[in-house]
Amino acid sequence: MVPLENYLVLSAILFALGVYGVLSRRNAVLVLMSVELMLNAVSLNFVAFAAHLDPDRATGIVFAVFVIAVAAAEVGLALAIVIRLFRNRSSANVDEAATLRW
Amino acid sequence: MAEHAWILAAVPAIAFLALAALGRRLPRQGDFLAVLAAASGFGLFFAVLASFLGRGEGAWPVLNAIEWTAIGDFRLNMGIAVDQITIVMLAVVTTVAFMVNVFSVGYMKGEPRYWWYFAVLQLFVASMLLLVLADNLLLLYVAWELVGLSSFLLIGHYWERRSAVEAAKKAFITTRVGDVGLLIGIILLWKATGTFNILDIIHAVEAGEVGGTGLFVSVMFIFLGAMGKSAQLPFHVWLPDAMEGPTPVSALIHAATMVVAGVYLVARLLPVFEAAGDALLVVTAVGLITALFSGVVAFAQTDIKKVLAYSTVSQLGFMFVALGAGVVSAGMFHLFTHAFFKALLFLGAGSVILGAHHRQEVGQLGGLWRRMPVTAAAFLVGSLALAGLFPLAGFWSKDEILHAVEGHRGALVFALISLASIMTAFYTTRLFILTFLGKPRDAEAGHARETGASMTGPLVFLAVLSVFAGFVVYGGVGEALGFPGGFGEFVYLHHPETFHIDWGLAGVSTALFVIGVFGAGWLYRGGRLDRAAALTAWQPKLYEMTRRKFYFDDLYQFLIDRVVLGFSYVVSWFDRFAVNDTGVDGSATLTGYAGFLLKHLQTGRVPNYALAIAAGVAALILVALAAGG
Amino acid sequence: MAETDAQGYVLLTALALPLLAAAALLAMPGDRPMAARRLSAVTGAVLLGLSIYVFLAYRAGGEVLQMQLRWPWIEHVGFLGENGIALRLGVDGISALLTLLTGVVAFAGTLVAWKLEYRARDFFILFWVLIAGVYGTFFSLDLFFFFFFYELAVVPLYLLIGIWGSTRKEYGAMKLTLMLVGGSVGIWIGIFAVVHEAGLGTFDLPALWEAGRSGALSPDFQKAIFPFFAVGCGVLAGLWPLHTWSPDGHMSAPTSVSMVHAGVLMKLGAFGIIRLGIQILPEGAAFWMPALLVLGTIGALYGAIAALTQRDFKLISGYSSVSHMGYVLIGLATLNEIGVSGAALQMFSHGVMTALVFLLIGALYDQAHTRDLRDFGGVARVMPLWVVAYVVAGLANVGLPGLSGFTAEFHIFVGTFRTYPIFGGLAILAAAIAAAYMLRMFATVFFGPLNPRWRELRDLSPIEIAAAVLLIASMLVMGLWWAPFTDRLAQTVLSLPGVTG
Amino acid sequence: MRDFTLFIPEYIAAGAAIGVLALELALPRLRRDALAWATAAGAAAWLIAALFYVGDAPGDFEGLLRTDAFTAYFRILAAGAVLAVALLSARYLRDRTRAAGEYYGLLLMAGAGMTLLSAARELLTAYVALELLSFSLYVLVGYLKRDARSNEASLKYILLGAFSSAMLLYGISLLYGLTGSTTYAGVAEGLAARGEGTDLAALAAIMLIVAGVGFKVSAAPFHMWAPDAYQGAPLPVTAFLATASKAAGFALILRLFTEALAVDALEWRAAIAALAAITMTAGNLLAIQQTNLKRLLAYSSIGQAGYMLVAVAAIGYGDAAAAQNASSALLLHIAGYTLSTMALFAALVAHYNRTGDESIEGLRGLSATQPFLALVISASLFSFAGLPFFAGFATKLLLFQAGTGAGLLWLAGLGAANSFISLYYYLMVMRRMYLFDPPEGQTRIRPPALLGAMAGLLLLGVVFIGVYPGPVFEATDGAAAALFEASAAAFARLP
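Since we're looking at a predicted model, the values are computed, not measured. (Residues numbered from 1 in each chain as written. Chains lettered and ligands numbered in written order. Predicted model: local features only at pLDDT ≥ 70, side-chain atom pairs only at ≥ 80, totals over all residues. Heavy atoms only, no water.)

### Some words on the overall build of chain C
For chain C, the count of helices and strands is 19 helices and two strands. For 501 residues, the compact-globule formula gives about 23 Å, and the C-alpha radius of gyration of chain C, at 21 Å, lands near that figure. Dimensions of chain C, computed from the C-alpha atoms along their principal axes, are close to 70 × 60 × 40 Å. The buried share among the 501 residues of chain C stands at 73%. (Helix = DSSP H or I, 4+ residues; strand = E, 2+ residues; numbered from the N terminus. Rg over C-alpha atoms; globule rule 2.2 N^0.38 Å. Buried < 20%, exposed > 50% of the residue type's maximum accessible area, 1.4 Å probe, protein only.)

This is how it looks when you write it as structure tokens:
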């Protein structure tokens, strides 16, 4: 059985990468992909904890499934909005979408 | 009747209200009402005098008080107290008021706001009588302020003239500064003795409950008030300017009654002054300096009323010297006689001014002896009384003062007071010669006419008084009038003194009179100014200084403009810029600026927002660690 | 727990009447100003009657709090325990006197606002909300409602000054409102601390007073919290460094708002210091009073000196209000029965005086449209009644005996001398300076040759004369006959904790 | 056991949502604001059904959801908000877009989500309900497809929303790892069992959750999405964002921090207090500079969130009684705030429908043209500033008083100071309305019937709470009692 810590470290790394992606990427779609990365880290976490700590394993795995489902819905929705943005501004660059400020 | 002496004050007060309310619509604008009030006041005085004397010495002073207010154990009773000093003052005020009212009817005919003049005159008389009758310092202070108010209104009667308004303002503010001292003194005395009642304070002081520097400080504050009202140096500046008011006003207020309020106050509280260290020395010094200073300044004045004004200031100095010597009878006696002949001189000057078609400058008068014989004769009697000729009133009161000073003060004070009386004789003679003798220096003065009976009447009456008032000092005359004896036996501090003429002293004072009169007679003989001009040419700087009243007015004007108003500009500038713009508005703009800076963090770009969230999480963890640990 | 007595409902009507008037005016169409004026005049008159009744019905000998009314509002909910919040009204000596003041000044203010043309109805709506706030503060014995009405009196000010004001009205309106609400932040904090510390879970003032007296509020706590109340209410009372809204605010406020504001609202601040400061935190008051005394004296001197060289009428009376409120603070700071009753008398006297002064300034400004002293001269020739009224107000301001100014100042000076003679001397000096700036105005504006430019100025209108007579009458009554005022105050002042007999 | 009858009102709401969607598909030629009336009817039915549940004994669904007075309070709040926003949107949407079905459907869904969120006692259920609410809002914010600003707002909102919900999830996963359970009660037991001393993992988990939840209630520094989203979103949606979304956030916080995380109060209370201080100050300072009305109200709403967080901090610092008092005062303040905001937006929508101008400048002379609307706007602004006669005065006083009860006098004082600062920019708005003359040519205009009536009714509610907060305060006190009854066990372990 792979020790729990390895999973946690991996998920932390994934999470950190996701955060870095959101902070640095200019294109909305790539930002979305980074968020997906973070959500995958979360699912990994849940599965790892379910495997090691939880005797009946159900909660963790159900949670992971739900996260995946919600992530999918979120991406669907976000991409729809990004397409709308693309229609209006012919670019998905997040920096250009900054007319609302101060 | 003595315990209801407050009626004396109530009658003029009611007259004031009547005149103020419907004066304009009354026939002759209500001047008859004023004269009636003054006359009834004069009559009522004798009733009060009779009832007072009837009670006999044991029952003095006659008291009558009501409870005014009470907060916790702070009780305040207001009422009247009639004793010997009060009787003297009542005599002076009612008599002179009556004469001035009668004189004013003629003098003020045709003047603007004729009814208002009489209304305020009654207000003045009422508040002066209240001042004299008050049994406690608080009521005295109330009357003191009302007297100041009526003087302000009367000086500023011709308020169309800028100079009259400025003079009224100057008078009110200068006396007001003095009143500040008086109020502080009154409250300090209250703090020490626990009461405002004058008699209780005197008993407490005499019983020794109060003393030391505390008493001295409070007495000095009270003397400050007296100096303000009685125009002693350095508060004297307002009295000469107060001549802007109508002349009868000068006669009543700035000669006989108001200005002596300070002397009355010191006389009333003399036992307290005695107990307060060397307070009396201070009183003597101030009186002496003022007498000498104003005597010198009177030499160089050319306006009749200004000369008389400075003469009043000087005579008040004499009274304070007498009180300073601890002899209340001398002070009060001089006050008594001075009121009559000074009122006479002022009314005489008024008659001259009216007769010579409003000429006041001595340079424009001269040779009025033939044109206005009655006024001239009355004026002569007044002048001689002031100068101190033997049988006249002025001689006896000045003799009493010399006697008091000789007895209680050293030779130096005696010498200086003698010099002052020489000066008095000198400027009185100078004034009389320049006004009545010699040739008329101006066409208008050439055909001046004698004034009407309603004005010469009071002059004659006062002239008679100026001649015979002096004899009251004799025991025999006193008893004849029902008094327990001469003036000394009636008004005294600790024990009555019977009067007996001291021929040596009488000789000295007559000598002083002669020196003064003939000195002036020689300098201005026959009304010619050539010798006087030569004298001024010899010492031009000194003459200019005396003529400009030793630059006191300019000094005060400088002080006010530079120091007081300057400081006020600084304060209002400070309030505008420091407290308001930087302090209040400053903090407002600061908050706004903070908002402005924060605003720029909101760049509108998603990565910045995400960064804020990430940084937020980190910060929260740090805060939780720092606090939670 | 004093229950409701019949007279309590008098207070309730005096409180509800202005609110009902405001509501009625709100319902009325805006284009009939005459109806609004008549309704307001009636309301003003009735309120004046009620105020006089409240003052006279207050028995001097009876117990301190009279005419009580208590309606439980919220109890046993959340942290509010027994008697949590109650609409509890009651009057003691000081608030009875100030009620009379409010009645007089409000009625005078209504009369003066008679000639207001621009949106008269809206003006009166806001005016009556303000008056209701003032009455509420003087009556309420519950901290929640005290603060409710205290703020209510400040809420309409922005619009009253902003819409109907004169010079720099927007700046004046914003500054005035912000500084007064800024002050109430201090009161808020004070309330939170006191209600929590007392631990009774109630806003009932008498209970909090008892807690303050009985030591439930520890001395250190009281010393720490008193400055919040002192500064919070001090802003409205013109405490020295926080006074700058008074000159600016009055310069831009319309006449009747200035009258009510300087006449009554500034007293709200001083009343707050008594109700919240002295009564709830006696040890705190005893500890901080010397500081308040110094600030009060500075205020008195500072206001008088600054008024000396002002050129605008309203600035002079603005600074003189700061100076006179300085006296009130000095009176309070003496914490002895004469001084504190002097402060209460000064509140009434200054209220009536300033109301008259602003009335007259308004009457002149409406015709001359300039308030610069130097433009005028010899006005007595064309406006004699106006000059007589102003001279009376000026002399009251200066403290001439026979008028209310002297009565109040005398008590304050005597009270101050008992404990702090030096400050008493400074206060009297400030009174002398008051004589200087008042006389300066008399000389330059009223007397002297008439400036030809003002030949056609008209004298006071009958309505203004009525208002002026009402104000002068109150000045004379207090000036000549002290007993009704001092007897009513004696009981209350002695009952204040920390006030030495 | 599965008692399905507990959530009948929610079924009504969901049913209505689907009904509206179906209605639009079936009758495309229907007048667009008819849908609004349908939604309003659905919301009204939901509200009436909710009223039936007010007095009921607390019900439990499989340990996941709990219906008690607390849930009833938020159910009524949600139904009321949806009803109001539906009526606000009627004419607003008719002028701007053809397809309105999804708008109203999602509105009802969001409301249902909000109630579930307040009922949730298990992390996953709470998360699902939260995402239901959030997703509906992402779409609603971006509903005006052709308006670039609405589009940009929804982009920012969804990207940052997703980002912060990811953080929330990560926190929840760590929490699950630490305690082995996802129900609030289980988490509480797990945390308690972990013994004394700061536990970095628990601390990190809680802080991540605070971040996720902080984003929802727009607490600084997670607030940056709010101004842009409020400005870009259609006006009625901004109203919904300011009221329902914020209330839902606090429902979650209250459930979470009184039960699951109560044990580790020592760790998070300082952070929450700091969060409250920063939020109110940043919100008020930033608002001073604003010229756009919606953006100003966004910052004002952030300020209000700061005041509300004071109560949450009080839950951390105070004992059980002080915490319950703070919660009841918070719920009262939320009720007052919601009423004031709805009244304000009723007036603003009426004004916007006529002028189409969002700037403060656009309000010039409103007191002359539409005095009633000006009165309503002034009343709500004064209510936000906490001045008498209006709800804010009583609710803010009681809220800060409860905060002081838990020993947070400095925070209450800061709140009072911030309310004072807020008065400045509220007065700037009133200055435009009262002190300026209307643009030339504009005369008196009668306010629109529906919005005018709504504004009047809400104004009455605002004044009622301001003057006589008694009854509403008793209701919220009941809700707080129910909340603490549910978390009694967890709170008892508090040292």
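### Thoughts on the interface of chain B and chain C
Facing the 46 residues of chain B at the interface are 56 residues of chain C. Counting the surface lost from both chain B and chain C, the interface buries some 4500 Å², and carbon and sulfur atoms represent 73% of this. Contact with chain C buries area across many residues of chain B, yet B:Trp68, B:Ile71 and B:Trp159 alone supply 15% of it, more than any other trio. Linking chain B with chain C are two salt bridges. Its salt-bridge partner being B:Asp585, residue C:Lys175 comes within 3.6 Å of it at the nearest N-O pair. Taken together, chain B and chain C are joined by 13 residue pairs in polar contact (both at pLDDT 80 or more). Elements that contribute at least two residues to the side of chain B that touches chain C include exactly β1 (62-71), β2 (74-82), α5 (137-155), α6 (162-193) and α27 (552-599) of chain B. Of the residues that constitute the side of chain B that touches chain C, the class distribution is 30 nonpolar, five polar and 11 charged. (Contact = heavy atoms within 4.5 Å. Buried area = accessible area lost by both parts, 1.4 Å probe. Salt bridge = Lys/Arg side-chain N within 4 Å of Asp/Glu carboxyl O. Polar contact = N/O pair within 3.5 Å; in protein donor to acceptor, adjacent residues only side chain to side chain. Nonpolar A, V, L, I, M, F, W, Y, C, P; charged D, E, K, R; others polar.)

### Side note on the interface of chain A and chain D
Counting residues at the interface gives 42 residues for chain A, matched by 40 residues for chain D. Of all residues in chain A, A:Phe63, A:Ile81 and A:Leu100 bury the most surface against chain D, accounting for 21% of the area lost on that side. Counting every contact that joins chain A to chain D gives one salt bridge. We note a salt bridge from D:Glu152 to A:Arg89, for which the minimum N-O separation is 3.3 Å. For the pair chain A and chain D, the interface holds 12 residue pairs in polar contact (both at pLDDT 80 or more). Listing elements by their share of the side of chain A that touches chain D, those giving two or more residues are α1 (4-24), α2 (28-52) and α3 (58-89) of chain A. Residue contributions to the side of chain A that touches chain D peak at 17 residues, all from α3(A). Looking at the side of chain A that touches chain D, its residues break down into 31 nonpolar, six polar and five charged.

### Quick word on the nonpolar core
A general trend in soluble globular proteins is that nonpolar side chains are found buried together. Core analysis: the largest hydrophobic core is formed by 683 residues, its most contacted members being B:Phe273, C:Phe203 and C:Trp386. Ignoring sequence-local partners within four residues, the contact set of B:Phe273 consists of B:Val219, B:Ile222, B:Phe223, B:Val266, B:Ala279, B:Leu280 and B:Val283. Residues B:Leu288, B:Val321, B:Ala330 and B:Val405 belong to the second largest nonpolar core, which totals 20 residues. (Core = buried A, V, L, I, M, F, W, Y, C linked by side-chain atoms within 4.5 Å.)

### Notes on helix α19 (residues 470-486) of chain D
The terminal C-alpha atoms of α19(D), which comprises 17 residues, lie 25 Å apart, in line with the 24 Å expected from a rise of 1.5 Å per residue. Every buried residue of α19(D) is listed here: D:Gly470, D:Phe473, D:Thr476, D:Asp477, D:Ala479, D:Ala480, D:Ala482, D:Leu483, D:Phe484 and D:Ala486. (Expected span 1.5 Å × (residues − 1).)

### Here's the deal with the pattern of salt bridges
Inspection of the entire model under this criterion finds 48 salt bridges over all chains. Across the pair B:Lys169 and B:Glu166 runs a salt bridge whose closest N-O atoms are separated by 3.5 Å. Placement of the pair is B:Lys169 and B:Glu166 together in helix α6, with a separation of three residues, close to one helical turn. Here D:Asp68 makes a salt bridge to D:Arg66, at a shortest N to O gap of 2.7 Å. Using a relative accessible area of 3% as the deciding quantity, one classes D:Asp68 as buried. What you see here is one network of salt bridges that share partners, running through A:Arg89, D:Glu152, D:Lys156, D:Asp228 and D:Arg295.

### So, the packing of helix α4 (residues 101-119) of chain D against helix α5 (residues 123-141) of chain D
All names here are of chain D. Viewed as axis vectors pointing N to C, α4 and α5 meet at an angle of 155 degrees, and their least axial separation amounts to 8 Å. As judged from the angle between their axes, α4 and α5 are roughly antiparallel. Crossing angle aside, the handedness with which α4 passes α5 is left-handed. Here α4 contributes Tyr-103, Leu-106, Leu-107, Met-109, Ala-110, Gly-113, Leu-116 and Leu-117 to the contact with α5, which in turn contributes Ala-126, Ala-129, Leu-130, Leu-132, Leu-133, Ser-136, Val-139 and Leu-140. Looking at side-chain class alone, the contact of α4 with α5 contains 14 nonpolar, two polar and no charged residues. (Axes fitted to C-alpha atoms, helices over the stretch in contact; angles between N-to-C directions. Parallel < 35°, antiparallel > 145°, perpendicular 65-115°, else oblique. Left-handed = near helix turned anticlockwise from the far one by under 90°.)

### Observations concerning the side chain of B:Thr284
Residues and elements named next belong to chain B. Mapped onto the elements, Thr-284 comes out in helix α13 (residues 279-299). Among the residues examined, Thr-284 registers a relative accessible area of 4% and is labelled buried. Excluding its chain neighbours within four sequence positions, the residues that come into contact with Thr-284 are Val-321, Gly-324, Ala-325, Arg-409 and Val-413.

### Describing the pairing of β1(B)
Put simply, side chains in a regular strand alternate between the two faces of the sheet. All names here are of chain B. Judged from the nine bridges that link them, β1 and β2 form a sheet pairing that is antiparallel. Across the sheet, residue Ile-66 finds its bridge partner in β2, namely Met-78. Connecting the antiparallel pair β1 and β2 is a turn made up of two residues, with Gly-72 showing a positive phi of about 60 degrees. (Pairing = 2+ DSSP bridges.)

### Re the arrangement of the chains
Taken together, the five pairs of chains in contact show their highest number of contacts between chains B and C. Taking C-alpha atoms as the reference, chain A and chain C come no closer than 25 Å and do not contact one another.

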